[in-house]
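Breakdown of the fold
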Amino acid sequence: MFQRTVATLLASTSIVLALLAAAAGPAAAAPGAPQPLTPAADAVTEDVPAFSWRAVRRATAYEFQLSADSRFGSIVGGDRRGSIRTANTYATVNVRTPDGTYHWRVRAIDARGDAGRWSAARSFTKTWSPAPKLLGPPDDQPIVYPRDPLVLEWSPVASAHHYLVTLATDRSLASPVAGARAETMRTDGTKLALLRALPDGRYYWAVTPVDVRGHSGRRSAVGSFTWSWPTQTATRVADLNEDPRVDDPQLSWDPVPGAAAYAVEVSSSDDFATGSRVCCDDPTTGTSLSPRKVLPNNSYFWRVRAIDLDGNSAAWNAGPPFRKSFDDVPGQPTIPNLRLRDHLGEPVTDLQPQAGLPPATSNPAVVWEPVPGAASYEVNVVPYELGGCNWTAQSTRQWHVKTAATAWTPLSGQTNGQVPGGVAFPRAAHDAPRRLEDGGTYCVRVLARSDRDAASGEVVSDWTQLNGLGQPAFRYRAPSVSDVTGRLAMPAENYRGPQTGTLTPRLPLFTWLPVAGARSYFVVVAKDALFTEIVDVALTTSTAYAPRDGVNPRTYPDETTQYYWAVVPASGANGSGATTQPTENHPQTFEKRSVPPTLLAPAAGADVTGQPTFRWQSVEGARDYRLQVAQDPSFGDPIEDLATASTAFTSSSTYPADAVLYWRVRANDENRIGLTWSATSTFRRRLPRPVAAPGNATAGELPPVISWLPVQGAVSYDLHVEQPDGIDRNFTMRSPTFTFAKFYGTGAFRFRLRANFPKLPQGTTSGPWSETAAFTRHIGAPTGAKLTRGKGRLLASWDPHIGAKNYRLQFSDTNSFARIIDQALTDNTSYAPDLSRPGFTGGGRIFWRVAAVDEGRNSGAWALGSLKFAKTLVVTSGGGVMRGRESQIMVRVADGRGRPVRGARVRVSGGGIRARTVRTRRDGSVRLKVTPRRGGALLVRATKKGFKAGRLRVAVR
């Protein structure tokens with residue numbers, strides 16, 4: 001039952017629809033299919049073209065489609081519906097597409113919105129074929145770094161937004177040094193300055209254009225160049241110490257242009273074998289080097305090579321060989337004036353001489369003159385027996401001691417391990433179990449010790465033997481001491497040296513007269529009169545004491561106040577029986593102040609433009625030297641604080657520029673105790689200011705190449721850019737030549753550069769800014785701008801503009817462009833406006849303009865044009881018309897903007913009336929009386945010169 005009812009309803013509906021269709025009359029035919037015109041079928045184009053077709057009768061609009069497939073399932077460039085709707089018979093898309101084959105079609109749409117059939121589909125192939133032409137450097141051009149800045153240049157490619165540069169070590173570009181993914185190898189311009197240095201060799205390069213949508217074009221041919229860095233330099237060796245006993249080598253060389261640092265190797269082998277290398281680990285930024293560790297006595301070979309900004313090492317330059325020796329002067333003893341003296345300072349005389357034997361003494365003191373460059377000495381005392389010196393005697397029978405004094409005296413050969421009363425000190429220095437045998441004959445030899453080398457090996461002189469090679473030095477006679485009862489004390493008159501008021505530049509030799517009943521003596525040295533701050537305690541059976549800690553050196557710091565010393569007698573040979581304290585033994589005073597180094601360079605108040613080399617005179621007893629550089633005279637926070645065995649130092653750190661800097665040096669003794677500081681001197685570090693290279697561009701559209709002359713010793717550069725929009729940008733780079741990867745905006749860009757220099761242990765110090773340079777960027781108007789028009793069609797086109805990202809297009813009915821009819825932002829070089837907009841349909845003069853737009857959406861200069869559309873007369877009427885009766889109608893004629901048109905010819909015909917023609921009044925109107933004799937409609941037609949005719953149909957009732 002339900003199915004029958006539905007069928008009845010459907011049949012009834014069909015009947016109703018058929019009746020309605022019959023009442024409406026015959027249906028209008030759908031618009032025909034448009035005929036495509038351009039581009040031709042299977043055309044090959046560089047860019048996305050403009051599309052055109054013939055107008056279709058009764059069409060009021062068109063629907064256009066562009067697809068990447070023939071089934072139009074991959075629409076590109078359309079709206080959200082996948083199509084472009086326009087009243088124009090031209091169509092354009094606003095985006096660039098990848099290379100490939102595309103298909104397009106169009107269909108007409110009538111006033112009722114009914115669409116006709118699609119046109120036959122056409123295809124075309126987009127192939128962006130132009131490749132950049134390499135302009136420089138020419139193939140195989142030699143590039144000499146840093147004399148020749150490497151700037152790669154090529155011809156522009158139409159529609160390219162930017163370029164990718166690939167640099168490789170092989171012609172196939174399979175081994176890129178830097179390529180498309182490296183930010184430094186992308187540029188918006190047609191020149192690229194390499195921001196880094198390269199190892200020597202041949203290089204190959206090519207350029208690939210890229211459009212605004214990131215589609216790559218055709219790569220250029222492969223170019224090549226050779227890169228070389230001439231680093232030959234003159235080398236020298238100088239001995240900074242004039243004394244022939246001391247070698248203080250300074251290695252120097254001429255600066256190598258483009259070098260940021262230098263590597264130096266010193267070796268005892270001319271093939272620089274790894275195991276023979278003795279110096280130097282860290283690169284230096286100066287052009288001289290003084291080894292900070294003393295070199296062992298040997299013959300040496302050395303070489304230096306430059307290192308560029310990117311760490312590439314150049315070829316080695318061999319320096320002149322040199323010999324390093326210490327205290328080696330032919331014909332002279334290494335230890336000058338080595339002699340034997342007694343406690344009174346007199347040569348030892350023997351009241352009972354024995355033929356062929358040296359004099360006998362109870363108080364042997366071996367003394368000598370200071371050796372230049374020596375920090376300490378080694379003394380070897382052995383028995384003379386069997387007609388010779390027994391240098392291999394048992395250790396309990398010989399002395400092998402090290403001392404910082406210029407004298408040796410024996411200490412007590414036995415001890416009870418005590419120190420005198422009132423003394424807070426760990427122990428007293430002694431020689432136990434060694435002791436001189438009564439009646440024994442002894443040989444003495446001495447050598448000088450310099451600093452330790454880099455491997456902690458001792459650097460020493462040759463031995464000098466007292467009285468000559470193989471000869472005995474002295475005989476020992478034990479002192480005769482009578483027993484004395486009572487308290488033992490040292491009288492003031494028994495002190496011999498140093499006596500109160502003495503000023504000594506080195507360790508003193510303490511001497512005194514014997515005290516009756518004393519078999520040993522404690523020597524106590526303190527910094528205060530109460531002997532609470534003890535610096536030395538020794539036990540000796542002699543009446544002289546040369547400071548040492550048994551077998552090791554002992555040193556005293558320099559003091560601006562006094563030292564106090566006292567001798568405490570003891571009745572026992574091992575120090576027992578000392579019944580007094582130091583303060584009870586008439587202490588003596590002395591001052592110890594070594595001679596400070598004299599500063600030689602830089603001169604006081606000097607301006608230093610290169611890496612500063614500090615020099616000073618050597619001083620007695622220095623194991624090495626401590627150098628300090630600071631920005632304040634108190635040296636509270638030094639910027640350089642180091643030790644060196646040389647009397648010169650070339651800094652590898654860069655000091656603050658244009659500031660007063662203070663420096664001083666002091667010697668460190670054998671125990672690395674700092675001695676007296678030198679006077680303080682000053683200098684100013686003048687870091688070089690970069691100078692702009694000649695030929696820098698001052699204006700243009702493409703990114704400029706900004707170049708400054710290389711700065712010797714710089715490891716990087718800072719570029720400061722002041723943009724026209726008020727935003728500052730900063731770049732740090734390795735080269736003084738720079739190209740922007742992205743460059744947009746118009747106006748004056750201001751640049752300045754500064755060089756950065758290494759600062760140890762890390763970081764950099766910046767030099768002064770260069771003079772400011774300016775570059776004014778403009779964007780020119782596109783060339784070749786034109787309008788192509790015809791019946792029902794309009795197309796704007798122009799030539800590609802180099803460097804443009806896209807283009808801004810505007811249409812207006814005023815030359816001020818205050819009212820915009822149509823506008824677009826397109827990647828391509830043509831645009832078809834939608835002519836259905838009122839500004840186009842109303843007629844009159846239309847103004848248009850197009851400008852290139854950069855990456856930052858900045859528009860350049862406009863290319864301007866205009867065209868005149870014929871105005872259309874718009875006809876309206878008021879009043880009704882009835883058949884057989886006289887009727888009055890009001891006809892009004894206006895232009896497309898609604899303004900009345902005076903003097904227009906208005907012709908009324910049809911409806912069985914006699915055709916009449918009248919002209920409109922000032923207000924564009926006219927009144928007509930008509931008596932139609934038949935039904936249908938009256939045809940009203942308005943015409944005037946310069947206007948398109950207007951028509952109106954008035955129904956007759």
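Quick caveat, the model's predicted, so the values are computed rather than measured.

Criteria and cut-off values
Numbers given for residues are sequential positions, taken from 1 along each chain in its written order. Only residues with pLDDT of 70 or above have their local features reported here, since the model is predicted, and side-chain atom pairs are shown and tallied only from 80 upward, although totals for entire chains, interfaces and linings are computed over all residues. Side-chain metrics rest on all non-hydrogen atoms present in the structure, leaving aside hydrogens and water. In this description, a nonpolar core means a group of buried Ala, Val, Leu, Ile, Met, Phe, Trp, Tyr and Cys residues linked to one another through side-chain atoms lying within 4.5 Å. Summary of the burial criterion: residues with accessible area below 20% of their type's maximum are buried, those above 50% are exposed, and those between are partly exposed, where the area comes from a 1.4 Å probe applied to protein chains only. Every residue pair with non-hydrogen atoms within 4.5 Å of one another is taken to be in contact. Two aromatic rings, drawn from Phe, Tyr or Trp (for Trp, its six-membered ring), form a pair once their centres lie within 6.5 Å of each other, and the interplanar angle then sorts them: stacked below 30 degrees, edge-to-face above 60, tilted otherwise. Starting at the N terminus, helices and strands are each numbered in turn, a helix being any DSSP run of H or I of at least four residues and a strand any DSSP run of E of at least two. To sit over a ring, a charge needs its Lys NZ or Arg CZ within 6 Å of the ring centre and within 35 degrees of the ring normal. On a range of 0 to 100, pLDDT expresses the predictor's confidence in each residue. The term salt bridge refers to a side-chain nitrogen of Lys or Arg lying within 4 Å of a carboxyl oxygen of Asp or Glu. Strands qualify as paired when DSSP identifies two bridges or more between them. Fitted lines through C-alpha atoms give the axes, limited to the stretch in contact for helices. The angle between two N-to-C directions lies from 0 to 180 degrees. Polar contact is the term for a pair of N or O atoms within 3.5 Å; when the atoms are in protein, one must be able to donate a hydrogen and the other to accept it, and sequence-neighboring residues count only if both atoms are side-chain atoms. Disulfides are defined in this document as cysteine sulfur pairs within 2.5 Å. Put simply, a patch holds well-exposed residues, over 30% relative accessible area, that have no salt bridge, with like charges counted together within 9 Å and Val, Leu, Ile, Met, Phe, Trp or Tyr side chains within 5 Å. For accessible areas, the Shrake-Rupley method is used with a probe of radius 1.4 Å. Any residue's cover is judged against the shown protein chains and nothing else. Positive charges come from Lys and Arg, negative ones from Asp and Glu, while His and the chain ends are left out of the count. For the purpose of locating charges, the reference atoms are NZ of Lys, CZ of Arg, CG of Asp and CD of Glu.

Remarks on the nonpolar core
- Counting residues in hydrophobic clusters, the biggest one holds 62 residues, and the most contacted among them are F225, W227, V266, L719 and F751.
- Setting aside residues no more than four positions away along its own chain, V266 makes contact with L251, S276, R277, V278, C279, C280, L295, Y300, F301, W302 and F322.
- Formed by 40 residues, the second largest nonpolar core is a distinct cluster that contains W512, Y556, W565 and A566.

Some thoughts on the packing of aromatic side chains
- Evaluation of the coordinates by the stated rule reveals 41 aromatic pairs.
- Considering the side-chain rings of Y563 and F590, the 5.3 Å spacing of their centres and the 15° angle between planes classify their relative orientation as stacked. Of this pair, Y563 sits in strand β43 (residues 563-570) while F590 sits in strand β44 (residues 588-592), and the two are 27 residues apart along the sequence. Grouping residues by exposure puts Y563 and F590 together as buried.
- Among the aromatic residues, ring-to-ring pairing joins F51, W53, Y62, F64, Y102, W104 and F124 into one connected group.
- Taking NZ or CZ as reference, R303 lies 4.2 Å from the ring centre of F272, over its face.
- Geometry around W463 places R445 over its ring, the cationic atom sitting 4.3 Å from the centre.

A few points about the confidence of the model for the protein chain
- Of all residues in the protein chain, 96% have pLDDT values of 70 or greater, and the mean over the chain is 89.
- Scored below 50 in pLDDT, residues 1-26 makes zero contacts in the model with residues more than four places away or belonging to other chains.

Concerning the pattern of salt bridges
- Tallied over the entire structure, the rule returns 42 salt bridges.
- The residue D431 makes a salt bridge to R548 at a minimum N-O spacing of 3.0 Å. Taken together, the residues span a long stretch of sequence, with D431 in the loop between β32 (407-408) and β33 (441-452) and R548 in the loop between β42 (544-545) and β43 at a distance of 117 residues. In this structure, D431 and R548 share a single accessibility class: buried.
- Across the salt bridge formed by D451 and R672, the nearest N and O atoms sit 3.4 Å from each other. Of the two residues, D451 is situated in strand β33 and R672 in the loop between β51 (660-668) and β52 (674-677); the sequence distance between them amounts to 221 residues.
- Salt bridges sharing partners connect three or more residues here, namely K402, R449, R452, E458 and E670.

Focus on unusual backbone geometry
- In this structure, the amide linkage connecting C279 to the following residue, C280, adopts the cis form with an omega of 10°.
- Geometrically, the link from A432 to P433 is a cis peptide bond, its omega value of 10° lying close to zero.
- Of note in the backbone geometry, D140 takes a positive phi value of approximately 65° without being a glycine.
- Locating D140 in the fold gives a position in the loop between β9 (134-136) and β10 (141-144).

Side note on the sheet that holds strand β71 (residues 887-894)
- Spatially, the three strands line up as an open sheet ordered β70-β71-β74, and their pairing is antiparallel. Each having just a single partner strand, β70 (874-878) and β74 (925-930) make up the two edges of the open sheet. With direction set aside, neighbouring strand axes in the sheet form an average angle of 25°.
- Taken together, the five bridges between β70 and β71 define a ladder with antiparallel strand orientation. Bridging from a neighbouring strand, V875 pairs with V893 of β71.

A closer look at the side chain of T739
- With respect to the helices and strands, the residue T739 is situated in strand β58 (residues 737-739).
- On the basis of relative accessible area, T739 is assigned to the buried category, the value being 7%.
- At 3.0 Å, the side chain of T739 and the backbone nitrogen of A193 are in polar contact.
- The contacts of T739, once residues within four sequence positions are left out, are T187, K191, L192, A193, L195, P704 and V705.

Focus on the state of the cysteines
- Under the defined criterion, the tally for this structure stands at two disulfides.
- Across the disulfide from C279 sits C280; the S-S distance is 1.6 Å. For the disulfide bridge between C279 and C280, the dihedral angle about the S-S bond is near 85°, and by the sign convention the bridge is right-handed. Note on accessibility: C279 and C280 belong to one class, buried.
- At a sulfur-sulfur separation of 2.0 Å, the disulfide partner of C389 is C443. Judged by the sign of its S-S torsion, about -80°, the bond between C389 and C443 is left-handed. Taken as a pair, C389 in strand β30 (residues 388-389) and C443 in strand β33 lie far apart in primary sequence, 54 residues in all. The same class applies to C389 as to C443, namely buried.
- Look at the protein chain and number its bonded cysteines as they come in the sequence; the links are 1-2, 3-4.

Points about a positive patch on the surface
- On the surface, R902, R905, R919, R922 and K944 cluster together into a patch of positive charge.
- On the secondary structure map, R919 appears in strand β73 (residues 916-919).

Observations concerning the sheet that holds β42
- In space, the three strands of this open sheet follow the order β37-β39-β42, with antiparallel pairing throughout. Either end of the sheet is taken by a strand with one partner, and the two such strands are β37 (495-497) and β42.
- Pairing geometry for strand β39 (residues 510-512) and β42, over two bridges, is antiparallel. Across the sheet, the residue bridging to T511 is A544, located in β42.

Quick word on the environment of W229
- With respect to the element layout, W229 can be found in the loop between β17 (223-228) and β18 (235-239).
- In this structure, the C-alpha to C-alpha distance between W229 and D308, residues 79 residues apart in sequence, is 9.2 Å.
- With residues near it in sequence (within four places) discarded, W229 still touches Y145, P146, D200, V256, P257, G258, A259, A306, I307, D308, N312 and A314.
- Separated by 3.0 Å, the side chain of W229 and the backbone oxygen of P257 make a polar contact.

Some words on the environment of G843
- Turning to its location among the elements, G843 is positioned in the loop between α2 (838-841) and β67 (844-853).
- Taking C-alpha positions, G843 is 121 Å from N380, a pair spaced 463 residues apart along the chain.
- Non-local contacts of G843, meaning those with residues more than four positions away in its chain, are made with F869, A870, K871 and R897.

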